[in-house]
Amino acid sequence: MKTNNLPDKIVWSTCNVNCGSRCPVRLHVKNGIVVRVGTDNTKQGSSGTQQIRACLRGRGIRKWIYSPERLLYPMKRVGKRGEGRFARITWDQAFEEIASKLESIIAQYGNEAIYRNYGTGNLGGVVSHHNQIEKLMNVLGGMLNYHNSYSTAQIFQAMTYLYGKKDTGNYISDMVNSKLVVLFGNNTAETRMSGGGTVRDLVLAKKNKNARVIVIDPLYTDTVTGFADEWIPIRPGTDAALAAAIAHVLIINDMVDNDFLTRYTIGYDKSSMPEDIPEGNSYKEYILGSGADGIPKTPEWASVITGIPAKRILELAYEIGGTKPVYIAQGWGPQRHANGEQTARAICMLPILTGNVGIKGGNSGDREASFGIDWPTIPVGENRVKTSIPCFLWTKAIENHKEFTALNSGLREKKRLQVPIKFLWCFASNALINQHSDINHTHEILQNESKCEMIVLIDNIMSSSAKYADILLPGTSSFEERDLSYQGYAVEMGALFIREKAIEPMGECLTLFDICAGIARQMGKEKQFTHGMNHDQWVEYMYHQCRKIKPRLPKDFSKALEQGFYKWPRDGKPFTGLASFRKNPEKYPLATPSGKIEIFSSLLWKMSQTWELPEGDSIQALPEYLPTWGTPGKKDAALYPLQLVGHHYKQRTHSTYGNNEWLKEASPQSLWINPMDAESRGIVHGDLVKVFNDIGTTLVRAKVTPRIMPGVLSLPQGAWYNPDQKGIDQGGCINILTSQRPSPIAKGNPQHTNLVQVVKEKQNNV
Amino acid sequence: MFKTPAFFIDMQICTGCKTCMVACKDKNDLAQGIRWRRVYEFCGGDWVKGDDETFTQNVFAYYISMGCNHCKDPACVEACPSCAMHKDASGMVLIDPKKCVGCRYCEWVCPYSAPQFDVSNGIMTKCDFCQELIHEGKKPCCVEACPTHALSFGDYDELEALHGRKTIIAPLPSPEMTAPNLIIVPPKKAQSPDNTQGLIQNPEEVKNE
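Being a predicted model, the structure only gives us computed values, none of them experimental. (Residues numbered from 1 in each chain as written. Chains lettered and ligands numbered in written order. Predicted model: local features only at pLDDT ≥ 70, side-chain atom pairs only at ≥ 80, totals over all residues. Heavy atoms only, no water.)

1. Considerations on the overall build of chain A
When you go through chain A residue by residue, the secondary structure sums to 25 helices and 26 strands. Relative to the compact-globule value of 27 Å for 766 residues, chain A shows a C-alpha radius of gyration of 26 Å, a close match. Judged by the C-alpha coordinates and their principal axes, chain A covers about 70 × 55 × 55 Å. Long-range pairs, those at least 24 residues apart, make up 74% of the contacts in chain A between residues at least 6 apart in sequence. Carbon and sulfur atoms make up 50% of the accessible area of chain A, which totals about 26,600 Å². Of the side-chain charges in chain A, 89 are positive and 75 negative, and the distance between the mean point of each set is 5 Å. (Helix = DSSP H or I, 4+ residues; strand = E, 2+ residues; numbered from the N terminus. Rg over C-alpha atoms; globule rule 2.2 N^0.38 Å. Contact = heavy atoms within 4.5 Å. Areas by Shrake-Rupley, 256 points an atom, 1.4 Å probe, with all protein chains shown as cover. Lys, Arg positive; Asp, Glu negative; His and termini not counted. Charge placed at Lys NZ, Arg CZ, Asp CG, Glu CD.)

2. Comments concerning the packing of aromatic side chains
Residue and element names in this part refer to chain A. A full pass over the atoms with the stated rule returns 32 aromatic pairs over all chains. Every member of this aromatic cluster is reached through a ring pair, and the members are Tyr 115, Tyr 118, Tyr 146, Tyr 150 and Phe 392. We note Lys 297 situated over the ring of Trp 301; from NZ or CZ to the ring centre the distance is 5.8 Å. Of note, Lys 396 hangs over the ring of Phe 404, and the distance from its end group to the ring centre comes to 5.5 Å. (Phe/Tyr/Trp six-rings, centres within 6.5 Å; stacked < 30°, edge-to-face > 60°. Lys NZ or Arg CZ within 6 Å of the ring centre and 35° of its normal.)

3. Section: the interface of chain A and chain B
Taken together, the contacts link 55 residues of chain A with 54 residues of chain B. Interface of chain A and chain B: buried area, both sides summed, is about 4,400 Å²; carbon and sulfur atoms make up 51% of it. Seen at the junction of chain A and chain B, the total is eight salt bridges. Where Asp 10 of chain B meets Lys 207 of chain A, a salt bridge forms, and the shortest distance between an N and an O atom there is 2.6 Å. The interface formed by chain A and chain B contains 26 residue pairs in polar contact (both at pLDDT 80 or more). Where the side of chain A that touches chain B is concerned, the elements lending two or more residues are strand 3 (33-39), helix 1 (56-59), helix 7 (198-209), helix 8 (222-227), helix 12 (299-306), helix 24 (661-666) and strand 24 (697-704) of chain A. (Buried area = accessible area lost by both parts, 1.4 Å probe. Salt bridge = Lys/Arg side-chain N within 4 Å of Asp/Glu carboxyl O. Polar contact = N/O pair within 3.5 Å; in protein donor to acceptor, adjacent residues only side chain to side chain.)

4. Describing the domain arrangement of chain A
Once the domains are mapped, chain A shows domain 1 (91-143 + 382-476 + 509-527), domain 2 (154-371) and domain 3 (635-764). When each unit is reduced to the centre of its C-alpha atoms, the spacing between domain 1 of chain A and domain 2 of chain A is 38 Å. (Domains from an automatic or database assignment.)

5. So, the side chain of Gln 487 of chain A
Residue and element names in this part refer to chain A. Mapping Gln 487 onto the fold places it in the loop between strand 17 (483-486) and strand 18 (493-499). Only 2.9 Å separates the side chain of Gln 487 from the side chain of Trp 375, close enough to count as a polar contact. Discounting chain neighbours no more than four positions away, the residues touching Gln 487 are Arg 22, Phe 371, Gly 372, Ile 373, Trp 375, Met 493, Gly 494, Ala 495 and Phe 497.

6. Comments concerning the pattern of salt bridges
Residues and elements named next belong to chain A. A full pass over the atoms with the stated rule returns 48 salt bridges over all chains. The partner of Lys 76 in a salt bridge is Glu 97, with the nearest N and O atoms 3.0 Å apart. One end of the pair, Lys 76, is in strand 4 (residues 75-77); the other, Glu 97, is in helix 3 (residues 91-109), with 21 residues separating them in the sequence. Accessibility expressed as a relative area gives 21% for Glu 97, which makes it partly exposed. Of the charged contacts in the structure, one is a salt bridge between Lys 297 and Asp 293, with a shortest N-O distance of 2.9 Å. (Buried < 20%, exposed > 50% of the residue type's maximum accessible area, 1.4 Å probe, protein only.)

7. Observations concerning the sheet that holds strand 24 of chain A
Backbone-to-backbone hydrogen bonds pair the strands of a sheet. The strands run either parallel or antiparallel. Residues and elements named next belong to chain A. The six strands lie next to each other as 21-25-22-24-23-26, forming a closed barrel whose pairing is mixed. For this sheet, the mean inter-axis angle between neighbouring strands, taken without regard to orientation, is 45°. Two elements, strand 23 (residues 688-692) and strand 24, share five bridges in a ladder whose sense is antiparallel. Looking at strand 24, one finds that Phe 692 is bridged to Thr 697. (Pairing = 2+ DSSP bridges. Axes fitted to C-alpha atoms, helices over the stretch in contact; angles between N-to-C directions.)

8. Regarding a negative patch on the surface
The grouping of Asp 514, Asp 536, Glu 540 and Asp 556 of chain A at the surface amounts to a negative patch. With respect to the helices and strands, the residue Glu 540 of chain A is situated in helix 20 (residues 535-549). (Patch = residues over 30% accessible without salt bridge, like charges linked within 9 Å, V, L, I, M, F, W, Y side chains within 5 Å.)

9. Quick notes on the sheet that holds strand 2 (residues 38-44) of chain B
All names here are of chain B. Strand order across the open sheet formed by three strands is 5-2-12, with antiparallel pairing between neighbours. Looking at the sheet topology across the chains shown, the edges are occupied by strand 5 (60-66) and strand 12 (199-200). With seven bridges connecting them, strand 2 and strand 5 associate as antiparallel partners. Bridge assignment links Phe 42 to a residue of strand 5, and that residue is Tyr 62.

10. Re helix 13 (residues 310-321) of chain A
All names here are of chain A. With twelve residues, helix 13 should reach 16 Å at 1.5 Å per residue; the first-to-last C-alpha distance of 16 Å fits that figure. Listing the buried residues of helix 13 in full gives Ala 310, Arg 312, Ile 313, Leu 316, Ala 317 and Ile 320. Projected down its long axis, helix 13 shows its buried positions confined to an angular sector of 160°, all on one face. (Expected span 1.5 Å × (residues − 1). Arc of directions from axis to C-beta.)

So this is what it looks like as structure tokens:
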């Protein structure tokens with residue numbers, strides 16, 4: 001006879017990682033153990049009430065909760081940073097050591113020497129959120145800030161110069177009003193996988209109206225397999241050249257929307273240039289070749305750069321110019337390059353030239369927008385330190401703060417950094433080593449313990465970064481604590497999740513709140529930090545804050561907890577970005593200096609004359625194509641002839657779940673390589689290959705596939721760095737090959753700009 | 001209960017996310033190497049380099065999620081020497097673990113690789129259509145998991161009436177072999193079964209160990 005399989009209880013929780021979506025998981029618990037994972041099974045009807053079905057990562061979560069890499073006790077490093085040798089300590093000892101170091105660093109260097117590193121491994125919690133560390137530090141006088149993200153540094157800043165703000169897109173559901181959809185590097189099917197989110201909205205829009213979808217990407221992505229009518233492969237980092245050539249065809253064939261350009265933009269031609277700008281700097285002059293470089297940006301010119309035949313570029317231009325409305329959107333891959341700010345703006349030129357901005361069925365060229373209810377976050381108090389660094393430059397702030405200035409490194413609120421980073425907080429952050437560029441260089445910086453004197457890392461798992469911690473603290477997983485979560489990327493609904501603790505904390509795991517409270521207690525600031533409440537009381541307090549926004553939520557918290565989650569259909573027409581500006585640009589001007597779309601950015605023009613840039617970098621006022629370092633044809637091309645990108649991969653969310661055996665079985669790490677490049681190197685599918693450049697080396701299995709353009713490789717980002725004794729990575733981690741050189745404007749991470757070579761690793765051939 | 005339970009896949013909205021596969025593993029507690037539901041990546045096409053450093057191509061790729069098709073003429077049942085593999089009254093192809101001797105004949109004859117060998121117990125295992133859920137009036141786990149709702153199930157005749165019987169695409173075997181209870185909406189780039197260009201691109205992700 002079968003034993004009784006019924007669970008003792010079924011508990012609502014959520015998968016809290018940074019895919020940007022947020023999915024409920026229903027945890028079946030028996031004898032205190034999660035025995036099965038379900039997802040949203042609630043009734044669904046019209047748009048906005050669809051089930052938020054978790055993707056494979058949420059469904060595979062048992063293997064992660066109970067993985068052998070779980071951290072169970074507070075530990076202190078005994079080997080060198082990175083070796084992963086630790087000794088168990090008590091929580092009291094951990095709190096004492098952290099408190100005493102914080103005190104001495106603050107006394108010697110001030111609060112600006114303390115920094116919380118970027119990290120998004122647990123982003124979905126409301127009380128268990130990294131802003132608890134901000135709150136603790138604000139109680140203690142503050143810490144150094146950061147701006148940007150590793151996801152969007154280049155595009156967000158680019159959109160600000162062009163449109164005066166970020167997030168200017170239409171909802172993807174607006175595709176039902178479009179006659180043509182053109183997606184640049186926008187892989188919704190793998191980056192927005194939730195059944196309640198963008199991919200589902202894309203399915204419905206495509207099913208309902210079946211607008212033609214063209215995807216322009218170096219990879220034949222899962223979005224192409226799922227939705228596209230056509231794939232146009234393009235060399236990474238060259239989208240701006242394609243955009244310029246399309247612009248050329250549109251301009252010489254009189255297919256641009258002149259009325260739109262005149263009323264809504266500056267810098268298109270001589271007639272709308274800002275004062276005091278020399279002749280030859282308008283966009284039209286750049287495109288037609290009467291500008292400084294003298295090159296007409298014809299399809300023939302772009303074909304050599306992009307790898308797309310001139311005839312196809314011409315046809316695409318006619319298709320875009322001859323159809324209206326057209327939904328042109330970009331993902332965040334094209335911008336994660338050394339010329340990413342340029343590319344992001346250049347793609348937007350297509351809807352601008354054709355007047356597709358701010359209309360139904362059109363789009364600004366930005367990424368599709370998403371809906372969300374504006375839920376509250378925990379109050380963190382005021383940070384008395386105002387100085388802010390671009391998050392990508394934290395290693396420079398440790399290594400070389402004296403050379404860290406506003407004009408060379410994008411420092412904000414100060415002209416020059418006055419103290420180095422001496423104390424690093426990391427919460428659910430694998431950006432300490434794995435997700436930051438140039439692992440070997442980061443390793444070297446962290447080896448010098450007199451530079452950054454203490455690293456405190458809080459996580460659930462012994463990640464690659466955890467091995468670099470001085471004090472390593474086990475946080476409760478999302479399933480071992482009560483908390484709230486809010487909706488993620490979705491278009492048609494908002495949501496509030498009220499998560500119950502499913503299982504008891506493993507080992508000696510504590511919530512982030514309890515960890516911070518313990519340190520505050522040690523420093524005599526407990527009351528200021530906790531306000532007299534414990535973790536669960538804060539959850540309930542935040543729930544009642546949510547009720548101020550949605551007053552019909554039950555007054556009784558326990559009822560809400562039992563219900564698990566609530567959805568609110570957006571209940572509106574497809575949203576159009578920049579609609580009010582389009583309707584009345586005089587009344588609703590953009591936040592650019594001119595109030596208009598700045599094709600020629602006067603701010604960037606000024607920066608191009610004042611900012612200090614390394615040789616080879618430049619800042620352009622126009623959205624020109626800018627070949628940079630790491631572009632084929634540059635000096636390293638003979639040694640390293642292949643471009644390498646790192647697409648987001650379903651096995652992980654960034655690096656989170658990178659150790660999950662079920663997910664690794666379903667989608668193992670591999671290097672995508674075109675048969676042309678594989679054959680010439682004697683590589684066959686499944687071979688172990690060595691990928692290398694001057695920065696580092698990694699070993700990984702080859703996936704020989706026509707789904708990637710010749711001359712281009714992709715090593716899906718986020719695989720766990722696993723070096724041998726010589727520092728050769730065995731894990732297929734792309735950041736052993738990426739550069740710490742930032743992009744010129746945003747000082748963002750150009751992690752798709754890489755040149756490498758690949759060879760068969762014969763000894764380990766299978 | 002359906003007269004003839006069948007799976008349905010709308011391959012025009014399947015993105016190959018593999019949620020069905022992992023949800024199945026979780027629900028059935030499957031060990032490493034046992035895949036009751038597999039997602040095949042079928043792909044092919046040629047690249048041609050032009051004189052001007054440009055490329056043209058005719059690449060196609062699509063995913064096929066495959067559990068057991070609980071065939072009308074199941075080759076596994078016919079091949080099983082111990083009568084462990086059988087078709088039950090509800091039309092599901094099931095294994096009696098007490099009778100299975102682990103000879104793996106069913107694995108060899110099934111054109112869909114549905115029977116999966118469990119090394120630790122020395123017997124075959126396979127998709128049971130989540131029969132206990134079906135009997136409770138619920139959906140199979142994989143169907144309820146599918147984020148894009150590409151995967152569904154129902155009565156074969158009803159599904160066929162609705163969508164037609166278009167199961168003849170590469171790399172699926174001819175339905176004449178086992179009369180699978182599977183209805184699909186073919187992907188846009190569906191290749192004919194005699195296609196010789198395409199390959200299953202992910203053998204390591206679908207093989208039984």
